[in-house]
Structures are given as C-alpha cells and as structure tokens.
Amino acid sequence: MRKLLAAVAVTALFAGPAFAEYPERPITVVVPFAAGGPTDTVTRLVAESMSKDLGQQVVVENAGGAGGTLGAGKVAQATPDGYTLLLHHIGMATSASLYRKLAYDPLNAFDYVGLVTDVPMILVAKPTFEPTDLKGVVDYVKANADKVNYANAGIGSASHLCGMLFMSAIKTKLTAVPYKGTGPALTDLMGGQVDVMCDQSTNVTNQIKEKKIKAYGTTTKTRIPALPDVPTGAEAGLPGFEVGIWHGLYAPKGTPKAAIDKLVPALQKALKDPVVVERFASLGTVPSSDADATPAALEAKLKSEIARWKPIIEAAGEYAD
Ligand code: MLT
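Just so you know, these numbers come straight off a predicted model, no measurement behind them.

**What about the domain arrangement of the protein chain?**
What the domain assignment lists for the protein chain is domain 1 (2-119 + 244-316) and domain 2 (120-218). When each unit is reduced to the centre of its C-alpha atoms, the spacing between domain 1 and domain 2 is 27 Å. Across the boundary between the two partners, domain 1 contributes 32 residues, which contact 26 residues of domain 2. Taken together, the two surfaces of domain 1 and domain 2 that pack against each other cover about 2,000 Å², and 66% of this comes from carbon and sulfur. On the domain 1 side of the interface with domain 2, the three residues burying the most area are P38, V119 and L283, jointly 28% of the side's total. On inspection of domain 1 and its partner domain 2, the count reaches 0 salt bridges. Run the count over domain 1 and domain 2 and you get 5 residue pairs in polar contact (both at pLDDT 80 or more).

Below, the structure is given as structure tokens:
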C-alpha cells in the first residue's frame, strides 16, 4: 500500500509542470556488487557521462551481497521517483532460477531504461598456478578437484555463472570462495589466496596484460581485441564455453515514463561518449547501440535470458535458499 501511495504521489508530481525540471537533484545508481569490480567500473564510466547530459550528478552506490540480489532488492523497494536506478547484469536473469526465495520478482519489480554493454569473460588464475594452457588447467583441476578453489561474487553473479559453466563442461566440482564482488576477489587471486576465477574483461584485462594473473581462455567466439594473445575457449579445447555478460539500467517499477524518457537519451548519449567508448574498448568491451539502449530491448533481453538459463541452471543443480 505504501509503495502504491508513493507511486500515486510521484505520478501526480511528474504529471505536473514541475516534472519538466527533472532531474532537480542528484540521481543514485546502485551497483549490486562491491566497489572496484567490473560492474562498478562500467557503471562509474556511464554515470559520469550521463551526469553531463542530465545536468545533475549521477552518484554510484555499492550494495553488494548474495550475488547481486541484495542490491537489486534494495532498488526494487525504492521510491519510484526517477532518483534511484540500478545497473545490473545477466545475474538479474539467472537469479530468477537460482534463488528459491527472491525478495523481488525480476519481471515485475523494475521499469527498464536500456541495455548498456555485453562483456566477455576470461578464465584466469593466480600467478603461481602451474598449468600453462587451458588443457593443462582442465587436467590439473580434474586431478586436484578437492584442492582447487575458485572465487566468485556469490550465487547469481556472472563469475558464479561462468564457474558453473566451466565445472559443467569439465564435469568436475570445485570449492567456491564467495566475495561481495570480483574486485576484492581479484586482489586475493593476485595474492594467491584463491586459485582460479572466471571474470569479466572489464575487471581483469589490465592485470592480464601486466602478468599479475594468468589467462587461459575467453568465453567469446573470437579473440578479444584488447587481449589478442588470449585464446578463445574453443581454440583452447573447451568448445561451448561461451557466455556474454550483458548489463542493463533499471528503475523501480512505477517510475514515471516522463523520467524514463529523459534517462534513455542520456544513456544513449553516454554510450557514444568517446571517453566511454575508448575505456570500454581498452577493457575488452563495447557499448550497446541506440537500438539496444532502450526499455523494449532490455525487457526483451531479460525475458529471453530468464527462459534460456532456467534449464541450464536446473541441470547444474546449483541453487540458493
Ligand atoms: C560478477 O561476478 O557478477 C561481477 O563480476 C561482480 C562484480 O561486478 O564485482
């Protein structure tokens, strides 16, 4: 009832002339993972650029935990007034099947602004990891499954999903070490506190180049231009090891269309910002097109991805209560 009254009040506000001034104060975009990780990196670049077009600060707030579902739940409950947004990724779709008790319905708790980018992943390891190629990793992991641990950002994260695909592909289960984001996980990987991880290029590209971690294969059909020496999973002997981590910008359900109508062009402009384009390219990804940076494209993507991953997750048997 409280949310309904808030939505009615906000709608009345936005319907009036006052709305023409939106946004009149800073906008918060929640990142459902710890600072310093790939989702945070993407969001900060886009938020800074959107600020220029909107004329108000777009402030990033990190709310990590439970594979991104805590932060998503926080935004689902926020007042739908156009001043709280969420930048989340494929985890919005996979969590629908992974979690038996989600605090929100991914298909009914949000309004959509648009797709942001689709990021490749790379299987990486600590610098002292012995194998020299992906086949060697698979052999080593199979022979030492009880000793090898892998970092992820919790059930529902992209790193969890990629790890699940890797373990399904090699028919071997490893011990997961969950973090609030792969920013802190990467620190432990570089320090050797954890053995392997599957992470987004937007987090690990520079560390691979600087040889602070080892890279064995990408989840892409063709090599990542920013990492030309890293083979694809298929080239390295693991065909089908493919996943793209699409990211979307959301608002709480009931956010007035007039607010969304200002956010969409601001997002599209940010995704064409030369600074964003260049930084994304240096981190192995590209911004979404105008056609994809729309509410309809994000809604369609979310619906199709929930349907796509449900049987895969059920087959893997990985759930969170
Ligand atoms: C993930 O694994 O979902 C993300 O890489 C986590 C993060 O952005 O820190």
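**Quick notes on the nonpolar core**
Grouped together as the largest cluster of nonpolar side chains are 53 residues, with contacts concentrated most on F110, F166, V243 and Y250. Here this core takes 8 residues from helix α6 (residues 158-170), the largest share from any one element. For V243, the contacting residues outside a window of four places in its chain are I90, V119, M121, L161, C162, L165, T219 and W309. If you look at the next biggest cluster of nonpolar residues, it comprises 32 residues, including V58, L85, L87 and I260.

**Concerning helix α4 (residues 91-98)**
The buried count for α4 comes to 7 of 8 residues, which makes it a mostly enclosed element. Against the buried residues of α4 lie α3 (69-76), β3 (84-89), β4 (110-125), α6, β9 (244-252) and α11 (295-316).

**Concerning unusual backbone geometry**
Between Y22 and the following residue, P23, the backbone shows a cis peptide bond with an omega angle of -5 degrees. Relative to the helices and strands, P23 is located in the loop between α1 (2-15) and β1 (27-31). We note that K171 has phi near 55 degrees; this positive angle belongs to a residue other than glycine. Residue placement: K171 occurs in the loop between α6 and β6 (175-178). A residue is classified by how much of its surface remains accessible, and K171, at 74% relative accessible area, is exposed.

Quick notes on the rules
Residues numbered from 1 in each chain as written. Predicted model: local features only at pLDDT ≥ 70, side-chain atom pairs only at ≥ 80, totals over all residues. Heavy atoms only, no water. Domains from an automatic or database assignment. Contact = heavy atoms within 4.5 Å. Buried area = accessible area lost by both parts, 1.4 Å probe. Salt bridge = Lys/Arg side-chain N within 4 Å of Asp/Glu carboxyl O. Polar contact = N/O pair within 3.5 Å; in protein donor to acceptor, adjacent residues only side chain to side chain. Core = buried A, V, L, I, M, F, W, Y, C linked by side-chain atoms within 4.5 Å. Buried < 20%, exposed > 50% of the residue type's maximum accessible area, 1.4 Å probe, protein only. Helix = DSSP H or I, 4+ residues; strand = E, 2+ residues; numbered from the N terminus.

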